[in-house]
Amino acid sequence: MLRTTLSGFPELLPSDRLTELAILDSLRATFECHGFAPLETRAVETLESLAKKGETSKEVYGITRLNAEHGAKDAELGLHFDLTVPFARYVVENAGHLTFPFKRYQIQKVWRGERPQEGRYREFTQADIDVVGQDALPAHYETDLPLVMAEALGALNIGPVVIQVNNRRVCQGFYEALGIADIAGTLRMIDKLDKIGPEAVERGLVDDVGLNTSQADRALRLAEITGTEAAEVEDAVRALDVRGELLDIGLAELGAVLTEAGAQHPGAVRAVLKIARGLDYYTGSVYETLLVGHEDLGSIGGGGRYDSLATSGKRTFPGVGISIGVTRLLTRVLQMHRATRSVPTCVLVAVTSEEERARSNRAAAALRARGIPTDVAPKAAKFGKQIRHADRLGIPYVLFPGENTELKDIRTGEQYAIDVHTWTPPQADLTAVDLSEYRAEQA
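Overview of the structure. As the structure is a computational prediction, the values presented were derived from the model and not from experiment.

So, how was this worked out
All residue numbers here refer to positions counted from 1 along the written sequence of the relevant chain. The model is predicted, so local features are restricted to residues of pLDDT at least 70 and side-chain atom pairs to those at 80 or more, both for listing and for counting; the totals for chains, interfaces and linings are taken over all residues. Think of the side-chain values as coming from all heavy atoms in the structure, minus any hydrogens and water. Helix and strand assignments come from DSSP, with helices taken as H or I runs of at least 4 residues and strands as E runs of at least 2, each series counted from the N terminus. Each residue is assigned to one of three classes by its accessible area relative to the maximum for its type, calculated with a 1.4 Å probe on protein chains only: buried under 20%, partly exposed between the two thresholds, exposed over 50%. Should any heavy atoms of two residues lie within 4.5 Å, those residues are considered in contact. All accessible-area figures derive from a Shrake-Rupley calculation using a 1.4 Å probe, and residue coverage is judged against the displayed protein chains alone. We define a salt bridge as a side-chain nitrogen of Lys or Arg found within 4 Å of a carboxyl oxygen belonging to Asp or Glu. For two strands to count as paired, DSSP must find a minimum of two bridges between them. Patch membership is restricted to residues that have no salt bridge and whose relative accessible area is over 30%. Joining uses 9 Å for like charges and 5 Å for the nonpolar side chains Val, Leu, Ile, Met, Phe, Trp and Tyr. Charge convention: Lys and Arg are scored as positive, Asp and Glu as negative, and His as well as the terminal groups of each chain are ignored. Where a charge lies is defined by one atom per residue type: Lys uses NZ, Arg uses CZ, Asp uses CG and Glu uses CD. Here a Phe, Tyr or Trp ring, Trp counted by its six-membered ring, pairs with any other such ring whose centre lies within 6.5 Å, and the pair is stacked when the planes are under 30 degrees apart, edge-to-face when over 60, and tilted otherwise. Criterion for a charge above a ring: Arg CZ or Lys NZ at most 6 Å from the ring centre, at most 35 degrees from the ring normal. Lines fitted to C-alpha atoms define the axes, with helix axes restricted to the stretch in contact, and inter-axis angles between N-to-C directions lie between 0 and 180 degrees.

## Things to note about the overall build of the chain
Here's step 1: Helix and strand counts for the chain stand at 15 helices and 17 strands.
Here's step 2: Based on the C-alpha atoms only, the size of the chain along its principal axes is roughly 85 × 60 × 45 Å.
Here's step 3: Within the chain, the proportion of its 443 residues that are buried is 50%.
Here's step 4: The long-range fraction of contacts in the chain, counting pairs at least 24 apart against all pairs at least 6 apart in sequence, stands at 69%.
Here's step 5: Looking at the chain as shown, the accessible area adds up to about 20,800 Å², and 50% of this sits on carbon and sulfur atoms.

Here is the structure:
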């Protein structure tokens, strides 16, 4: 990534942008294979709608106009900090034109006023998948969506990923049974465990949220529970000797996700009961995604079930969604799938003389007609200079048109005659980025 003086707003070099585009194309292909339709929403929402969604709402960038003679309403707009909130608004406004359950994927920029650090930026790209129903949504989608995302990430060949899952009803039911009044505050504090550690969280639960020491201790002990088997997780929760109807419902829902995910994709989903998610709109399953071997990067995505985020007053549109931060993920993908060249071009067609440039253009057109990325040399310089130009860009082949058209592989020095209407390069040379293999750099 290219460093800039404007902190938190990354700009990519062309070779890294090619890698990012390869990631996006791969994600899109997986999402569409599972029946998700593409969607793009506006970049701005009202500040009123953005300010209702929990801790992240404090990081919203507001929008104003410099020439504000008619700008009073402009000051009430903000850039969206995720894609779920604008999607919920879109569903409500367009419900009459949609067929439910409605499955969509969305890949767009989002903005958060966070402190920039590795993998965490103020402007970044998210890739979301969501499914919403009208008045009701089958519970199986709470298993389906994390498995789709696991498949999408697996197609990138960046190593194993684990999607951690919890259920808000487990936490809420547990806290209510303990007599905790500030459920939302407790969830937000528990969500900071990985950032500030258990001692600081315990102090925050007592000093800031108002729990007594016994309540804080039980809440932290719940957060320590993890496992892949439904019975194992339930037994660990029951051992804390807390009972409640909502807790029972949450454990049943969490167990159903673990059981079905384990049957379909063993190892992809793991219960981690410290997962809370800082956004207030989640009501059921919640997810965090980790790249194994790169845990220092933190979560590369998350999501969950929301039952009342989208509502028209008369109807509700419950949904479940999961996203990944593509820009954060890119910081590690570049260690495994760096582009082999700074341009998409596979073949550079040499120009013998400016008078014969048309012949070079025709040869390039023949290659492009069959999907081979091709460019024509900018000047009719000596062939050695044209070859060096291709080499600087990482272009693997230089073509010399003429009565006997020849192609030179400038990596090996091999040169041979070809027919521009039939020759095809090896698949690996057609694109600048190959996601088909895991090629992590060795430490």
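## Points about the pattern of salt bridges
Here's step 1: Tallied over the full model, the rule gives 22 salt bridges.
Here's step 2: Here R238 and D248 are joined by a salt bridge, their closest N and O atoms 2.8 Å apart. In this pair, R238 is assigned in helix α10 (residues 230–238) and D248 in helix α11 (residues 245–264), connecting sequence segments 10 residues apart.
Here's step 3: R359 is the salt-bridge partner of E356, the closest N and O atoms lying 2.5 Å from each other.

## Observations concerning the pairing of strand β10 (residues 285–291)
Here's step 1: The buried fraction of β10 is high, at 7 of 7 residues.
Here's step 2: Burial along β10 is two-sided: S285, Y287, T289 and L291 and V286, E288 and L290, pointing in opposite directions, are all buried.
Here's step 3: Sheet analysis places strand β7 (residues 161–167) next to β10, joined by 7 bridges and oriented antiparallel. Note on β10: the bridge partner recorded for V161 is L291.
Here's step 4: Here 4 bridges tie β10 to strand β11 (residues 301–306), and the two strands are oriented antiparallel to one another. Across the sheet, the residue bridging to V286 is G304, located in β11.

## Observations regarding the sheet that holds strand β3 (residues 62–63)
Here's step 1: Strand order in the open sheet formed by 3 strands is β2-β4-β3, and the pairing between neighbours is antiparallel. Of all strands in the sheet, those bounded by a partner on one side alone are β2 (44–46) and β3.
Here's step 2: Pairing of β2 with strand β4 (residues 77–79), which is carried by 3 bridges, proceeds in the antiparallel orientation. Its bridge partner being in β4, T46 is matched across the sheet by L77.

## Some thoughts on a positive patch on the surface
Here's step 1: Where like charges cluster on the molecular surface, the positive patch consists of K379, K382, K385, R388 and R392.
Here's step 2: By secondary structure assignment, the location of K385 is in helix α14 (residues 383–393).

## Structural notes on the packing of aromatic side chains
Each aromatic ring pair is specified by the distance between its two centres and by the angle formed by the two planes.
Here's step 1: In total, this model carries 9 aromatic pairs according to the counting rule given.
Here's step 2: Pairing F31 with Y105 gives two aromatic rings, centres 5.8 Å apart and planes at 45 degrees, and the pair type is tilted. On the criterion of sequence distance, the pair formed by F31 in helix α1 (residues 14–33) and Y105 in strand β5 (residues 102–111) is long-range, its members being 74 residues apart. The same class applies to F31 and to Y105, which are both buried.
Here's step 3: Three or more aromatic residues link up through ring pairs in this structure, and these residues are Y281, Y282 and Y306.
Here's step 4: Lying across the ring of F36, K103 places its NZ or CZ 4.6 Å from the centre.

## With respect to the sheet that holds strand β14 (residues 374–376)
Here's step 1: Read from one edge of the open sheet, 5 strands run β14-β13-β15-β16-β17, paired in mixed fashion. Two strands lie at the open edges of the sheet, namely β14 and β17 (415–417), each paired on one side alone. Averaged over all adjacent pairs, the angle separating strand axes in this sheet is 25 degrees, with direction ignored.
Here's step 2: Here strand β13 (residues 347–349) pairs with β14 via 3 bridges, running parallel. Bridge pairing links V347 to T374 in β14.
Here's step 3: Helix-sheet contacts for helix α13 (residues 357–368) involve β13, β14 and β15 (397–400), and the interaxial angle to β14 is about 175 degrees.
Here's step 4: Helix-sheet contacts for α14 involve β13, β15 and β16 (406–409), and the interaxial angle to β15 is about 150 degrees.

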